[in-house]
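Next come the chains, spelled out residue by residue.
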Amino acid sequence: SWGYCSRPVVEKNWLTFVVFAGSLVTVQLGFTNLVLSVIVDKANEARELSKQQEREKQAEKELASVEQWYKVMKSLDTDNSGSLSAEELLQGYQNDKVKDTLTRLNITERDLMDLFDLMDTDGSGQLGYTEFVESFYRAQALDTRMYLMFMSLRVQRMEVQMRAELKAEFTELKKIARGSPDWVGQRTAKTAKLLEP
């Protein structure tokens, strides 16, 4: 025991009490810190495990939601074409499940038609329901900052394409102004191809 060993030494020289007391306090604090660090590490592990489980549950929930949306969109596809027309989508908006989900996303019937027009990039009046669901899923799943970055990059790409097209058109207009017969022949051939059925 500490007392048995240290007592005779302290009786000879009382200043050694400070050394023995300091050693005892240091050892006790060391053991306390060791126990505390083990407790904190275990708590951190449990929290990380809990976060991982939450992420897994969220991923499962999102997957189930996407699968449910596919089923709903497929049920809206009345002509079984694999795509939705604007009319099919409007009829589907009357479905309570669809309407409730879109309302939670703050999408009205008018917004839905605007979105349909934006997603129908080829102007066919048909939109694959897989694309429709994936677009909504991406919009819902992406962080706002990431979504804004994507939008900014798309706008930049469109700007570059528009500049290139405008430059080409401006070059053609310059040829017209100079009266180039070569341009007239090429333009007539392009127009004829566009008018072919």
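The structure we're discussing is the one just above.
Chains are numbered independently. Their residues run from 1 in the order of the written sequence. Only residues with pLDDT of 70 or above have their local features reported here, since the model is predicted, and side-chain atom pairs are shown and tallied only from 80 upward, although totals for entire chains, interfaces and linings are computed over all residues. Here the side-chain values reflect all heavy atoms present in the structure, with hydrogen atoms and water set aside.

What follows deals with the overall build of the protein chain. Broken down by element type, the protein chain carries 8 helices and 2 strands. Listed N to C, the secondary structure of the protein chain is α-α-β-α-α-α-β-α-α-α in terms of helices and strands. Taking all 197 residues of the protein chain together, the buried fraction comes to 17%. Taking as baseline every contact in the protein chain between residues at least 6 positions apart, the subset at least 24 positions apart corresponds to 45%. All accessibility values rest on the Shrake-Rupley procedure with a 1.4 Å probe; residue burial counts only the protein chains present in the view. A total of about 15700 Å² of accessible surface is found on the protein chain, and carbon and sulfur atoms cover 60% of it. Only DSSP runs of H or I covering at least 4 residues are called helices, and only runs of E covering at least 2 are called strands; the numbering of each starts at the N terminus. Exposed residues in this analysis have more than 50% of their type's maximum accessible area, buried residues have under 20%, and partly exposed residues fall in between, with area computed by a 1.4 Å probe over protein chains only. Between two residues, a contact is recorded if the distance between any of their heavy atoms is within 4.5 Å.

We now examine a nonpolar patch on the surface. Patches here: salt-bridge-free residues with over 30% relative accessible area, like charges joined within 9 Å, nonpolar side chains (Val, Leu, Ile, Met, Phe, Trp, Tyr) joined within 5 Å. Any carboxyl oxygen of Asp or Glu within 4 Å of a side-chain nitrogen of Lys or Arg constitutes a salt bridge here. A grouping of V27, F31, L34 and V38 is seen on the molecular surface, where their side chains present a nonpolar patch of about 370 Å² in accessible area. By the element assignment, V27 lies in helix 2 (residues 16–76).

Our next topic: the side chain of D77. Of note, D77 is situated in the loop between helix 2 and strand 1 (83–85). N or O atoms within 3.5 Å of each other form a polar contact, as long as, within protein, one can give a hydrogen and the other can take it, and as long as residues adjacent in sequence are counted only when both atoms are side-chain atoms. In this structure the side chain of D77 is engaged in a polar contact, spanning 2.7 Å, whose partner is the backbone nitrogen of G82.

Nine residue types can take part in a nonpolar core, namely buried Ala, Val, Leu, Ile, Met, Phe, Trp, Tyr and Cys, and a core is a set of them joined through side-chain atoms within 4.5 Å. Formed by 20 residues in total, the largest nonpolar core has its most connected members in M73, L102, L112 and F132. Those elements giving two or more residues to this core turn out to be helix 2, helix 3 (86–93), helix 4 (96–104), helix 5 (109–119) and helix 6 (129–141). Of all the elements, helix 2 adds the most residues to this core, at 5 residues.

Pairing between side chains becomes possible if they bear opposite charge and their charged atoms approach one another. All told, the structure shown has 2 salt bridges when counted by the stated rule. Residue K42 is joined to E45 by a salt bridge in which the shortest nitrogen-to-oxygen separation is 3.8 Å. Here K42 and its partner E45 are both found in helix 2, 3 residues apart, which amounts to about one turn of the helix. Judged on exposure class, the residue K42 and its partner E45 are both exposed. Two residues, R163 and E159, come together in a salt bridge whose shortest N-O distance is 2.8 Å. Here the residue R163 and the residue E159 both occupy positions in helix 7 (residues 144–178), the gap between them amounting to 4 residues, near one helical turn. On the basis of relative accessibility, which here comes to 38%, the residue E159 falls in the partly exposed class.

Glycine aside, residues mostly have negative phi angles, and peptide bonds mostly take the trans form. Despite not being glycine, N80 shows a phi value in the positive range, around 50 degrees. Among the structural elements, N80 can be located in the loop between helix 2 and strand 1.

These values are about where atoms sit, not about what they do.
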